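The lines below spell out each chain.
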Protein chains: 2
Amino acid sequence: MFNPSQQGYIPQISIDCVIFGYQNKQLQVLVSKLNLEGNFMSLAGGFIHQNEDVDTAAYRIVQQRMGISEIYLDQFYVFGKASRNNIGFIEKVMELNTSTFQSKSETIQTYDWFNNRFISIGYYALVDISSVLPPKDNANQQTGWYNIKNMPELIMDHNDIVSKALESLRQNLDQKLIAFNLLPETFTMKEVQELYEAILDRPFARNNFQKKILDLGVLQRLEKKFTGAANKAPYLYRLKKDNTN
Amino acid sequence: MFNPSQQGYIPQISIDCVIFGYQNKQLQVLVSKLNLEGNFMSLAGGFIHQNEDVDTAAYRIVQQRMGISEIYLDQFYVFGKASRNNIGFIEKVMELNTSTFQSKSETIQTYDWFNNRFISIGYYALVDISSVLPPKDNANQQTGWYNIKNMPELIMDHNDIVSKALESLRQNLDQKLIAFNLLPETFTMKEVQELYEAILDRPFARNNFQKKILDLGVLQRLEKKFTGAANKAPYLYRLKKDNTN
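Quick notes on the rules
Residues numbered from 1 in each chain as written. Chains lettered and ligands numbered in written order. Predicted model: local features only at pLDDT ≥ 70, side-chain atom pairs only at ≥ 80, totals over all residues. Heavy atoms only, no water. Phe/Tyr/Trp six-rings, centres within 6.5 Å; stacked < 30°, edge-to-face > 60°. Helix = DSSP H or I, 4+ residues; strand = E, 2+ residues; numbered from the N terminus. Buried < 20%, exposed > 50% of the residue type's maximum accessible area, 1.4 Å probe, protein only. Contact = heavy atoms within 4.5 Å. Buried area = accessible area lost by both parts, 1.4 Å probe. Salt bridge = Lys/Arg side-chain N within 4 Å of Asp/Glu carboxyl O. Polar contact = N/O pair within 3.5 Å; in protein donor to acceptor, adjacent residues only side chain to side chain. Nonpolar A, V, L, I, M, F, W, Y, C, P; charged D, E, K, R; others polar. Domains from an automatic or database assignment. Arc of directions from axis to C-beta. Least-squares fit on C-alpha atoms with pLDDT ≥ 70 in both. Pairing = 2+ DSSP bridges.

Chemist: Explain the packing of aromatic side chains residue by residue, including any values.
Modeler: Think of a pair of aromatic rings as described by two things: how far the centres are apart, and how the planes are tilted against each other in angle. All names here are of chain A. Evaluated as defined, the whole model comprises 28 aromatic pairs over all chains. Ring centres of Phe 40 and Phe 89 lie 5.6 Å apart, and the angle between their planes is 80°; this geometry places the pair in the edge-to-face category. Of this pair, Phe 40 sits in the loop between β2 (26-33) and β3 (41-42) while Phe 89 sits in helix α2 (residues 87-96), placing them 49 residues apart in sequence. Residue Phe 40 is classed as buried on the basis of its relative accessible area of 6%. With a relative accessible area of 15%, Phe 89 lands in the buried category. Residues Tyr 196 and Phe 209 carry aromatic rings whose centres are separated by 5.3 Å and whose planes lie at 70° to one another, so their mutual orientation is edge-to-face. Of this pair, Tyr 196 sits in helix α6 (residues 189-200) while Phe 209 sits in helix α7 (residues 206-215); the two residues are 13 residues apart in sequence, bridging distant segments of the chain. Judged by its relative accessible area of 1%, Tyr 196 is buried. According to the relative accessible area criterion, Phe 209 is buried, its value standing at 0%. Taken together through their ring pairs, the aromatic side chains of Tyr 9, Phe 47, Trp 113, Phe 114 and Phe 118 make up a single cluster.

Chemist: Let's hear about the interface of chain B and chain A: which residues, and what values?
Modeler: Frequently, the measure chosen for interface size is the accessible area that the parts lose on association. Opposite the 26 residues of chain B that make contact, chain A presents 26 residues. Here chain B packs against chain A, burying approximately 2,100 Å² in sum over the two surfaces, 48% of which is carbon and sulfur. Broken down residue by residue, the surface that chain B buries against chain A is led by Gln 75, Val 78 and Arg 117 of chain B, which jointly contribute 22%. Note that Lys 81 of chain A is salt-bridged to Asp 53 of chain B, the shortest N-O span being 3.3 Å. Summed over the shared surface of chain B and chain A, the number is 16 residue pairs in polar contact (both at pLDDT 80 or more). When residues of the side of chain B that touches chain A are traced back to their parent elements, those giving at least two are β1 (9-23), β4 (44-49), α1 (54-66), β5 (74-79), β6 (119-128) and α5 (173-176) of chain B. Among the elements that make up the side of chain B that touches chain A, the one with the highest residue count is β1 of chain B (four residues). Of the residues that constitute the side of chain B that touches chain A, the class distribution is 10 nonpolar, nine polar and seven charged.

Chemist: Tell me about the domain arrangement of chain A, and please be specific about residues and values.
Modeler: Residue and element names in this part refer to chain A. Examined at the domain level, chain A breaks down into domain 1 (4-171) and domain 2 (175-243). If you average the C-alpha positions of domain 1 and of domain 2, the two centres end up 33 Å apart. Taken together, the contacts link 12 residues of domain 1 with 10 residues of domain 2. Summed over both sides, the interface between domain 1 and domain 2 buries roughly 1,200 Å², with carbon and sulfur atoms accounting for 64% of that surface. The largest share of the area that domain 1 buries against domain 2 comes from Tyr 22, Leu 126 and Arg 170, three residues that together contribute 46% of it. Across the contact surface, domain 1 and domain 2 share two salt bridges. When the shortest N-O distance is used, the salt bridge between Glu 194 and Lys 25 registers 3.2 Å. Here domain 1 is connected to domain 2 by four residue pairs in polar contact (both at pLDDT 80 or more). Of all the secondary-structure elements, those providing two or more residues to the side of domain 1 that touches domain 2 are β6 (119-128) and α4 (158-171).

Chemist: Which residues make up helix α3 (residues 104-114) of chain A, and what are the values?
Modeler: Buried within α3 of chain A we find Glu 106, Thr 110, Trp 113 and Phe 114 of chain A. Down the axis of α3 of chain A, the smallest arc covering the buried residues is 95°, so these residues share one side.

Chemist: Break down the environment of Gln 75 of chain A for me, citing the residues and quoting the values.
Modeler: Note that Gln 75 of chain A resides in strand β5 (residues 74-79). The spacing of Gln 75 of chain A and Ile 61 of chain A is 14 residues in sequence and 14 Å in space, taken between C-alpha atoms. Those residues in contact with Gln 75 of chain A that sit more than four places away from it in its chain are Asp 55, Gly 122 and Tyr 123 of chain A together with Tyr 77 and Val 78 of chain B. One polar contact links the side chain of Gln 75 of chain A to the main-chain amide nitrogen of Val 78 of chain B, over a distance of 2.8 Å.

Chemist: Can you lay out the relation of the copies chain B and chain A for me, pointing to particular residues and giving the numbers?
Modeler: The two copies are related by a screw motion: chain B maps onto chain A through a turn of 180° and a shift of 0.0 Å along the axis, at an RMSD of 0.0 Å. When the rotation and shift are considered jointly, the pair of chain copies conforms to a two-fold rotation axis. Most of the interface of chain B is mirrored in chain A, where 100% of its interface residues are also at the interface.

Chemist: How would you summarise the sheet that holds strand β9 (residues 219-224) of chain B if you had to cite specific residues and measurements?
Modeler: Residues and elements named next belong to chain B. The strand order across the open sheet built from three strands is β8-β10-β9, with neighbouring strands paired in antiparallel fashion. Each end of this open sheet is capped by a strand with a single partner; those strands are β8 (187-188) and β9. Here β8 runs beside strand β10 (residues 235-239); their pairing, made up of two bridges, is antiparallel. The residue bridging Thr 188 from the neighbouring strand is Leu 236, located in β10.

See the structure below:
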């Protein structure tokens, strides 16, 4: 059993990562089932070693929990309510997993570690689901993508963390250009529009949308896409080189 | 002497607040001199009580350290490098303030508290300097505004925290409309342009700037400003009501 009190972690601080995916014109979130008795569905969460940068810890946690390493994580919010703790969650875990604790003192240590208020630093990432390799190291954890409109019940306040991450993603969509990470190197305006519609969950009028995106000043227009029907072929675009982040 | 180890604070987490001010077309930062021997210039920083929301702690710290309560604070970044600690700072403080510690054990407790890595949660605010009342409770601390282009040397990594806050402010300028908090209820386009120029530290062409701002779709045009010279009078604007945040 994981005994965090003996691992040299900073107490009372955690990290939770919301991995957004895009596939078939749908926005989805990566969730894993904890390797425990009981149906505990969770974001990629964990703790920070005393000698580890917070950003490094976030990448390690996503690698360990989700098996994903090629990813760009961004801080989006600190969840710092005084009432935020693991008590309800850890009591349920201990009730359903009595046999996994090796000793009573280990149980008490683990409980004492969790039985505190935790401040959680939220990170998010946007990935192209088709380019993410299936997780390798965590086959037992039943990692999977869930449509953001139909999320399962997650542990603790993880559903709220997803909502806040979506809000931040929407607010930062134009400014950070993160959405373009989800598209191939060249793309049509229609593909950009579908992506924006999935993230913002509302339709756009084609002409207004095109103007809005071109006004960002970050796209370079290329040749027309080859479709066989020359007249109706849409233009291809790509991000200007100095905009990639 | 402040002995944080006995105050029921969460260990290893701090808060640092960057208060930006705007006056005479200049962007400035509020800094206080710590009430200690030695020239320690600092942002409004402090710690979080075990039973206190992180946001509440940020407001309390700004109130206690700067004497300002009418303010809107926003999280902007978590400073989480493993190498981030107070050791150099606290050693200097103790060297110059030996008489303020009441006992050797208190000195050791205080040192032990600080002699750890600290993760700091950064907040910023933008205030209209002329509307901020002079600090009352901290007369000894020599609180003052400094032009952001000519900052004094601050303790620890506080100068870097100011730089990062400025970067975040610039990135969020359009999206969060925070800059408009600095203007009176009605304002001219020239006043908006001067404010943007102060924050972004670059000039804008008048016509392009006006178009960019009007395209945000957040302003309502009112009557012309009365200047006595009707023809040249500029229009007044105000924020549309549903945009205030």
